[in-house]
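Residue strings, one per chain:
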Amino acid sequence: MAEAADFPGTTPSPARRWLRRTAAMLAGAPLLAGLLQVPAGSAALAATPDVKTAATGAKSAATGARTGLKAAATGSRTVDVSLDTLTPSAPRKGDTITVSGTVTNEGRQPVTAAQVGLRIAPPLGSRTAIDTAAQRKGFQPGTDGTEVGGKYVKKIAKLAPGVPQHFSISVPVSALDLGMDGVYQLGVTLTGQTAAQPYPQVLGIERTFLPWQDGSADTKTKTTYLWPLISTTHLTARTRSDEQQTPVFKNEDLAKEIQPGGRLEQLMTLGQQLDVTWVIDPDLLVSVEAMADEYEVEGPDGTTVPGRYETVAQQWLTELQQTVKGKKVVALPFADPDLASLAHNGKAVSGSLGHLKEATEVGAKAVRDILFVKPTTDFAWPADGAIDPSVVDVATSAGAHRVIARSDSLRETHGLLYTPNAARPIGGGTTAVVADARLSTAFQGDMTRSENSTLAVQEFLSQSLMLTLQDDKQRNIVVAPQRTPTTSQAQAMAKALTALGDERWSEPQDLIAAAKAKPDPSATTQVPSSASYPAALRKQELPRSAFEEIRGTQDELDVFQMVLSVPHRVITPFGRAMDREMSTSWRGRAAAAQGYRKSVQGYLTSLMHQVSLIKKSDAKLSGRSATIPVTVQNNLVQGVDHLRLRLTSTNPTRLKIGDGLYEEQPVKITGGGHTQSVKFTTTANANGRVQVYAQLYTEDNQPYGDAVYFDVNVTEVTPTVMLVIAGGVLLLVLAGFRMYTQRKRAARQQAEAGPDGGPDGDGDATDDPAPDAGPDAGEPEQPSDPTPDTAPESTEPSHTGERVDR
């Protein structure tokens, strides 16, 4: 570039000759067009060092690539200038600006006769001009302004390679010669020379911006800043089996966030001094409240240990209650559900939208009960403010009428030269509250480096002032930062808002007021199509399979709660766990999200298995009828009811249960940890093995748990029974034979007696059988069916505490 042009005493002739040769080859090239924007003489002098350096740098880079060595920095990037502090961020008349930081020589030769100075360039003309200047690399004379110079420089005799040196420069605002209100580019440069280039030149530069307003603005921008209190999922679906249902946390990460110096503690403390709108995930409040009492933490082997941060949770919650008193609070649906994932992948899965509506209702109640404030629940906040028609439909399906979007999603299409108001009617009674993308993303990235934080604060303030200077109309602007800012990001945000809080060109406004502001008639109201939804955000969404797994968990829960005497003990924890499964916080953490879903479903299944049938060994039936007991076990802490136990025969021709194929008996176990034996009457019709199975059913005829199979071996005709049957048959045969002989003898005697009576002719019938006796008179009684070896038992249900040996 043109570093040498700023210093007298250099010889221009070689440079001009070189420029003429170069211009012949590069005529019409964009680079030359850019160079010609500065005066011809200056451009000639300025072009020489950096163009030569660029060629040398390219050669060095190629050499480094071949040898595997890192190429040394050259030209105006030889020295890295780090701007660590700039105070005040928005100076007033009479202030003194102090700039401090470090300079580090990244070249291979020492820099000598160096000095660090400040350069003020003319005011920028637009928000786009600020973007362009922030992205520019390397020094550009004219564009980067002139050095303040004089006594306002920091002299450095020698700057060795790789050794950083600190600097601090203080300059009165009057020395900067600032004129009209506006945004000025402020450059911090290091000028020096090396053995290879023994003349003064700019070897490093860092740019920032200085918002300048002399006095108060006639028209101020109303600025709404959202202050989010949102975290990731910390509570598991598990609870202890005690009466209090002691909650179980996955780890102690939440405690680290709310303890002094933690991320959430810093957000709360910083927010106390700011005029912001609090946006809170009710799940965070519920989790901290759970931690404020006795709680458990999962260990690596699945066991739990007592938690240790009850006092920390109590203090944080108490302080937050005081902080938000009288402030505007927006309650998100419970666990901050991912609206875009629901719209794109979950809407087609039955029941998914029902979770969103319930999460909205539960969230509002949680905020009221825990913080003692009445929150606003009328706002939906999709991830990164990205919307399309399906996202808007889902966002408003649970009752919200305002969607927080962002201007890089709902883009202006009318070529406006100013930033319109945030509120936009988008149809169907819905208002899109469009957050400014530049201001909303200003503090993303690594703010742990003081340089990054300082530059972000200055750019945020400058964009805010430039927005106000666009015209004389008052604007209503909303800033929606990242959902979970880090501690350093929150500190940078607070610093910027503190500087903005002097109300010179901006005044605070809450989100509800911003949403009610009169829309700009020229602003776009067209919701972008689904095709325009950012591909990078789509990749982070929960897949359809996630919502199908959630539906599977809900189906199991529906069955489980039907049989419980106190169903809310499982409905509440599992309902909130399924809300957490749809959280926006899972974006970019697909494996963790799936692991959480599996843990919830696995725990529910394990609870359902606590009500089960005890496995039964094969039975032996040695009679024509018998009673078979089947035992139901309840290892829950509460009773179960509304269950039916069905015993079914796979071969009713051989073995009937009850009146036929199967028989059902009601099951009710009033206390936890008990069993109940249910008895079924069976009838055997033939010998042999018959498979029988027992299955629990709910009242709506849905199978509950696993069936228990066992064999019944029918051995009705045993040796004893054979003897009984044989004896009976023999008696029947003898009785029949006797009857036959008696009748035959009677017939013979009647024939011999003739028509007049008996053989003596007197009609005496003394030898005949008694006239009143039937043919079976005097015969033995016929046997009935043999008595079964297995005595019949009562079919009434046994006591709930009864335990039956198998």
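Residues numbered from 1 in each chain as written. Predicted model: local features only at pLDDT ≥ 70, side-chain atom pairs only at ≥ 80, totals over all residues. Heavy atoms only, no water.

Novice: When you look at the overall build of the chain in this model, what are you seeing that I'm missing?
Specialist: Counting its secondary structure elements, the chain contains 20 helices and 30 strands. Relative to all contacts within the chain whose residues are 6 or more apart in sequence, the contacts with residues 24 or more apart total 79%. As presented, the chain carries roughly 37,500 Å² of accessible surface, and 52% of it is formed by carbon and sulfur atoms. (Helix = DSSP H or I, 4+ residues; strand = E, 2+ residues; numbered from the N terminus. Contact = heavy atoms within 4.5 Å. Areas by Shrake-Rupley, 256 points an atom, 1.4 Å probe, with all protein chains shown as cover.)

Novice: Sorry if this is basic, but what is going on with helix H4 (residues 127-135) here?
Specialist: In an α-helix there are 3.6 residues to a turn, and that puts residues three or four apart on one side. Within H4, burial applies to Arg127, Ile130, Asp131 and Ala133. Along the long axis of H4, the arc covered by the buried residues comes to 170°, so they all point the same way. Buried positions along H4 lie against strand E7 (182-193), strand E8 (201-212), helix H12 (437-440) and helix H13 (450-468). (Buried < 20%, exposed > 50% of the residue type's maximum accessible area, 1.4 Å probe, protein only. Arc of directions from axis to C-beta.)

Novice: Can you help me understand the pattern of salt bridges in this one?
Specialist: A side chain of one charge can pair with a side chain of the opposite charge when the charged atoms of the two come close. For the coordinates displayed, the defined rule picks out 29 salt bridges. The shortest N-O distance in the salt bridge between Asp131 and Arg438 comes to 2.8 Å. A residue pair is termed long-range when its members are at least 10 positions apart, and Asp131 in helix H4 and Arg438 in helix H12 qualify at 307 residues. Two residues, Arg644 and Glu664, come together in a salt bridge whose shortest N-O distance is 2.7 Å. Of this pair, Arg644 sits in strand E25 (residues 640-649) while Glu664 is found in strand E27 (residues 662-669), placing the two residues 20 residues apart along the sequence. Bridged by salt links that share partners, the residues Arg136, Asp144 and Arg207 form one connected network. (Salt bridge = Lys/Arg side-chain N within 4 Å of Asp/Glu carboxyl O.)

Novice: Help me out: how do you make sense of the sheet that holds strand E14 (residues 304-306) in this one?
Specialist: Think of a sheet as strands paired side by side through backbone hydrogen bonds, with each pair either parallel or antiparallel. Strand order in this open sheet of 4 strands is E10-E11-E13-E14, and the pairing throughout is mixed. A single partner strand is all that each edge strand has here, and the edge strands are strand E10 (235-239) and E14. In this sheet, adjacent strand axes meet at a mean angle of 40° when their direction is disregarded. Packed onto the sheet, helix H7 (residues 282-291) meets E10 and strand E11 (247-249) and runs at close to 105° relative to E11. (Pairing = 2+ DSSP bridges. Axes fitted to C-alpha atoms, helices over the stretch in contact; angles between N-to-C directions.)

Novice: Where do I start with the pairing of E7 in this structure?
Specialist: As a general feature of sheets, a regular strand has side chains that alternate between the two faces. Most of E7 sits inside the fold, with 11 of its 12 residues counted as buried. Inspection of the sheet shows strand E3 (residues 111-123) paired to E7 by 8 bridges, in the antiparallel sense. Bridge pairing in E7 places Pro123 opposite Tyr184.

Novice: Could you clarify how one ought to interpret helix H14 (residues 487-500) in this entry?
Specialist: In this model, H14 (14 residues) spans 20 Å end to end at C-alpha, consistent with the 20 Å of a helix rising 1.5 Å per residue. Counting buried positions along H14 yields 10 of 14 residues, so the element is predominantly enclosed. Every buried residue of H14 is accounted for by Ser488, Gln489, Ala490, Ala492, Met493, Ala494, Ala496, Leu497, Ala499 and Leu500. The elements touched by buried residues of H14 are strand E9 (221-229), helix H6 (263-271), H13 and strand E21 (506-508). (Expected span 1.5 Å × (residues − 1).)

Novice: Any chance you could explain the environment of Arg544 here in plain terms?
Specialist: As for its position among the elements, Arg544 is in helix H17 (residues 544-562). The class for Arg544 is partly exposed, based on a relative accessible area of 41%. In this structure the C-alpha to C-alpha distance between Arg544 and Ala348, which are 196 residues apart in sequence, comes to 8.5 Å. What Arg544 contacts, discounting residues up to four positions off in sequence, is Asn345, Ala348 and Val349.

Novice: Help me out: how do you make sense of the side chain of Gln321 in this one?
Specialist: Structurally, Gln321 is set in helix H8 (residues 310-323). Here Ile370 takes part through its backbone oxygen, which lies 2.8 Å from a polar atom of the side chain of Gln321. Contact partners of Gln321, with chain neighbours within four places excluded, come to Ile370, Leu371 and Phe372. (Polar contact = N/O pair within 3.5 Å; in protein donor to acceptor, adjacent residues only side chain to side chain.)

Novice: Teacher, can you tell me more about the packing of aromatic side chains here?
Specialist: Centre-to-centre distance and the angle between the planes together describe a pair of aromatic rings. Tallied over the full model, the rule gives 7 aromatic pairs. With centroids separated by 6.2 Å and ring planes inclined at 65°, the aromatic side chains of Tyr225 and Phe460 adopt a geometry described as edge-to-face. Of this pair, Tyr225 sits in strand E9 while Phe460 sits in helix H13, and the two are 235 residues apart along the sequence. What makes Tyr225 buried here is its relative accessible area of 2%. Pairing Trp586 with Tyr596 gives two aromatic rings, centres 5.6 Å apart and planes at 35°, and the pair type is tilted. Of this pair, Trp586 sits in the loop between helix H18 (568-581) and helix H19 (590-608) while Tyr596 sits in helix H19, and the two are 10 residues apart along the sequence. Each member of the pair Trp586 and Tyr596 is classed as buried. Connected via pairs of aromatic rings, a cluster forms that spans Tyr225, Trp227, Phe443 and Phe460. (Phe/Tyr/Trp six-rings, centres within 6.5 Å; stacked < 30°, edge-to-face > 60°.)

Novice: Whenever I open this one, the environment of Gln633 confuses me. Can you help?
Specialist: Relative to the elements of secondary structure, Gln633 occurs in strand E24 (residues 625-634). Placed 23 residues apart in sequence, Gln633 and Gln610 show a C-alpha to C-alpha distance of 7.5 Å. Setting aside its immediate chain neighbours within four residues, Gln633 contacts Gln610, Val611, Ser612, Ile614, His674 and Thr675.

Novice: Looking at this structure, how should I read the nonpolar core?
Specialist: Note on soluble globular proteins: their nonpolar side chains tend to be buried together. Core analysis: the biggest nonpolar cluster contains 75 residues, and Phe560, Phe574, Leu645 and Tyr704 have the highest contact counts within it. Per-element tally for this core: the top contributor is H19, with 7 residues. If we skip the residues at most four places from it in the chain, Leu645 touches Leu613, Val630, Val632, Glu663, Glu664, Gln665, Val667, Val678, Phe680, Ala694, Gln695 and Leu696. (Core = buried A, V, L, I, M, F, W, Y, C linked by side-chain atoms within 4.5 Å.)

Novice: Would you mind showing me how to read the packing of H6 against H14 here?
Specialist: A pair of packed helices can be characterised by two numbers: the angle between their axes and the separation between those axes. Running from N to C, H6 and H14 cross one another at 10°; their axes reach a closest spacing of 9 Å. By the angle class used here, H6 and H14 are roughly parallel. Residue-level inspection shows Arg263, Gln266, Leu267 and Leu270 of H6 in contact with H14, the latter providing Thr487, Ala490, Gln491 and Ala494. Here the contact of H6 with H14 is composed, by residue class, of 4 nonpolar, 3 polar and 1 charged. (Parallel < 35°, antiparallel > 145°, perpendicular 65-115°, else oblique. Nonpolar A, V, L, I, M, F, W, Y, C, P; charged D, E, K, R; others polar.)

Novice: I keep staring at the packing of helix H10 (residues 352-371) against H18 and nothing clicks. Help me out?
Specialist: It is the contact of H10 with H18, at a shortest axis distance of 10 Å, that shows an interaxial angle of 110°. It follows from the interaxial angle that H10 and H18 lie roughly perpendicular. The crossing of H10 and H18 is left-handed. Contacts from His355, Glu358, Ala359 and Val362 in H10 reach Arg576, Met578 and Asp579 in H18. (Left-handed = near helix turned anticlockwise from the far one by under 90°.)

Novice: I keep staring at the confidence of the model for the chain and nothing clicks. Help me out?
Specialist: Segments scoring low in pLDDT should not have their predicted coordinates read at a detailed level. Mean pLDDT over the chain works out to 84, with 82% of the residues at or above the 70 mark. Ignoring residues within four places in sequence, the model shows residues 1-70, a span with pLDDT below 50, making 58 contacts including any to other chains. In this model residues 755-806 is a low-confidence stretch, pLDDT under 50, and it forms 69 contacts with partners more than four residues away in sequence or in other chains. (pLDDT = per-residue confidence, 0-100.)

Novice: Mind showing me how you'd approach the environment of Pro123 here?
Specialist: When you line up the elements, Pro123 lands in strand E3. For Pro123, a relative accessible area of 33% gives the class partly exposed. Between the alpha carbons of Pro123 and Val183 there is a distance of 5.3 Å; along the sequence they are 60 residues apart. The contacts of Pro123, once residues within four sequence positions are left out, are Met180, Val183 and Tyr184.

Novice: Mind showing me how you'd approach the sheet that holds E25 here?
Specialist: Reading across the sheet, the 5 strands line up as E23-E30-E29-E25-E27 and stay open at both edges, with mixed pairing between neighbours. The sheet is open, and its two edges are formed by strand E23 (619-621) and E27, each paired on a single side. On average, each strand axis in the sheet is tilted by 25° relative to the strand beside it, whichever way the strands run. Sheet topology note: the E23/strand E30 (residues 703-714) ladder contains 3 bridges and is parallel. Following the sheet pairing, Lys620 is matched in E30 by Asn713.

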